[in-house]
Amino acid sequence: MSEQQVRFHRSLYATEAIDEAVRAFADLATLKVLSNAEDVIVVIEHAHESVRDVIADELANFALSETVARTREARS
Amino acid sequence: MSEASAAEMADFEYELSERQIRFVIDERIYPRDAIYGATYIFVDRCYVLLDRAADEKVSVRLRTKAAASEAELEALAGELANELLNQVLRLRVGESTSRIREYYMARAFFASDQKSTIDQLLAELDAEEMAEAPLEVAVPWEKKASPSETEATPAEKTQ
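Residues numbered from 1 in each chain as written. Chains lettered and ligands numbered in written order. Predicted model: local features only at pLDDT ≥ 70, side-chain atom pairs only at ≥ 80, totals over all residues.

(A) Structural detail: the overall build of chain B. Regarding its fold elements, chain B presents 6 helices and 5 strands. Helices and strands in chain B line up, N terminus first, as β-β-β-α-β-β-α-α-α-α-α. (Helix = DSSP H or I, 4+ residues; strand = E, 2+ residues; numbered from the N terminus.)

So, in structure tokens, the structure goes:
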């Protein structure tokens, strides 16, 4: 069983954006969210075979896109 | 290109390795919104990950979705550098013109008692059309052709 981790620094990624990304990818793998003072860490386990190589990167892209969208929405 | 190699493009340093480039960007020069805006543009072609390298320093990692040569990665680095500059300019223009935009918005909202130019033009056109309408096309056809108000047609007379 291969485990992957994606670390999101709290100052750069909105927590709600990470939660949204986790919800979006929940059907493709078992995702656990851990956190400490600086980071939110998403642990990816049992990823579907077809997405195993890209799920961590896609999750990071999704979290960034959501963060950017929320930042822009807050400013407008 | 398995070994990471450092490259420098003017004052913009980046690190190349297999299918990816990594930059450390100074937030005092490129504000976070500019970094967000610039990196977001690459999301369709690359996997983007931001990290905090140090205080006011953001590490950006771009990993290409498809295989890329060293030249292509360098081109990507140049593109990101240009986009960062573009985003900074957009932000500054946005900030410097914010008062003007607020003024126009306020004027648009608080000048609602006056008819807009388009409304005025439409009203003028309506008035002109109504004034010179010898065929009374503005009157609904049903009213004009209602059997109770009109005479019978020649066909009806013969019956």
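(B) Representation of the packing of helix H1 (residues 15-25) of chain A against helix H2 (residues 55-75) of chain A in the model. All names here are of chain A. Where H1 contacts H2, the axes come no closer than 8 Å and their chain directions differ by 135 degrees. When the axis of H1 is compared with that of H2, the two are oblique. Read as a crossing pair, H1 and H2 show a hand that is right-handed. Side by side, H1 and H2 meet where Glu-16, Ala-17, Ile-18, Glu-20, Ala-21, Ala-24 and Phe-25 of the first sit next to Ile-55, Leu-59, Phe-62, Ala-63, Glu-66, Thr-67 and Arg-70 of the second. Tallied by class, residues from the contact of H1 with H2 come to 9 nonpolar, 1 polar and 4 charged. (Axes fitted to C-alpha atoms, helices over the stretch in contact; angles between N-to-C directions. Parallel < 35°, antiparallel > 145°, perpendicular 65-115°, else oblique. Left-handed = near helix turned anticlockwise from the far one by under 90°. Contact = placed C-beta atoms within 7 Å. Nonpolar A, V, L, I, M, F, W, Y, C, P; charged D, E, K, R; others polar.)

(C) Molecular detail of unusual backbone geometry. All names here are of chain B. A positive phi angle, near 60 degrees, is found at Arg-19, a position not held by glycine. Mapped onto the elements of the fold, Arg-19 is located in the loop between strand E2 (12-17) and strand E3 (20-26). Backbone geometry places Glu-56, a non-glycine residue, at a positive phi of 60 degrees. Note that Glu-56 resides in the loop between strand E4 (46-54) and strand E5 (57-64). Accessibility expressed as a C-beta count within 10 Å gives 12 for Glu-56, which makes it exposed. (Buried ≥ 20, exposed ≤ 12 C-beta atoms within 10 Å, placed from the backbone.)

(D) Examining the packing of helix H1 (residues 32-40) of chain B against helix H2 (residues 70-96) of chain B more closely. Residues and elements named next belong to chain B. Axis separation between H1 and H2 bottoms out at 8 Å; the angle between their running directions is 130 degrees. In terms of orientation, H1 and H2 fall into the oblique class. Relative to H2, the crossing made by H1 is right-handed. Residues Asp-33, Ala-34, Gly-37 and Ala-38 of H1 pack against Leu-80, Glu-83, Leu-84, Gln-87, Val-88 and Leu-91 of H2.

(E) How the structure looks around the interface of chain B and chain A. Each partner contributes residues to the interface: chain B has 13 residues there, and chain A has 10 residues. Elements with a contribution of two residues or more to the side of chain B that touches chain A: H1, E4 and E5 of chain B.

(F) Representation of the sheet that holds strand E3 (residues 39-45) of chain A within the structure. Residue and element names in this part refer to chain A. Here 3 strands make up an open sheet; going across it, the order is E1-E3-E2 and the pairing antiparallel. The outermost strands of the open sheet, each flanked by one partner alone, are strand E1 (4-9) and strand E2 (30-35). Neighbouring strand axes in the sheet, compared pairwise and without regard to direction, differ in orientation by 20 degrees on average. Here E2 runs beside E3; their pairing, made up of 6 bridges, is antiparallel. Bridging across to E3, Val-33 finds its partner in Val-42. Running over the sheet, H2 touches E1 and E3 and is turned about 20 degrees from E1. (Pairing = 2+ DSSP bridges.)

(G) Summary view of the environment of B:Ser17. All names here are of chain B. Position of Ser-17 among the secondary structure elements: in strand E2. Judged by C-beta crowding, with 15 C-beta atoms within 10 Å, Ser-17 ranks as partly exposed. Remark: the alpha-carbon pair of Ser-17 and Leu-122, spanning 105 residues in sequence, is separated by 64 Å.

(H) The arrangement of helix H3 (residues 98-110) of chain B in detail. Given a rise of 1.5 Å per residue, 13 residues ought to cover 18 Å, and the 18 Å separating the end C-alpha atoms of H3(B) matches this to within 8%. Counted residue by residue, H3(B) has 0 buried out of 13 residues, so it is predominantly exposed. (Expected span 1.5 Å × (residues − 1).)

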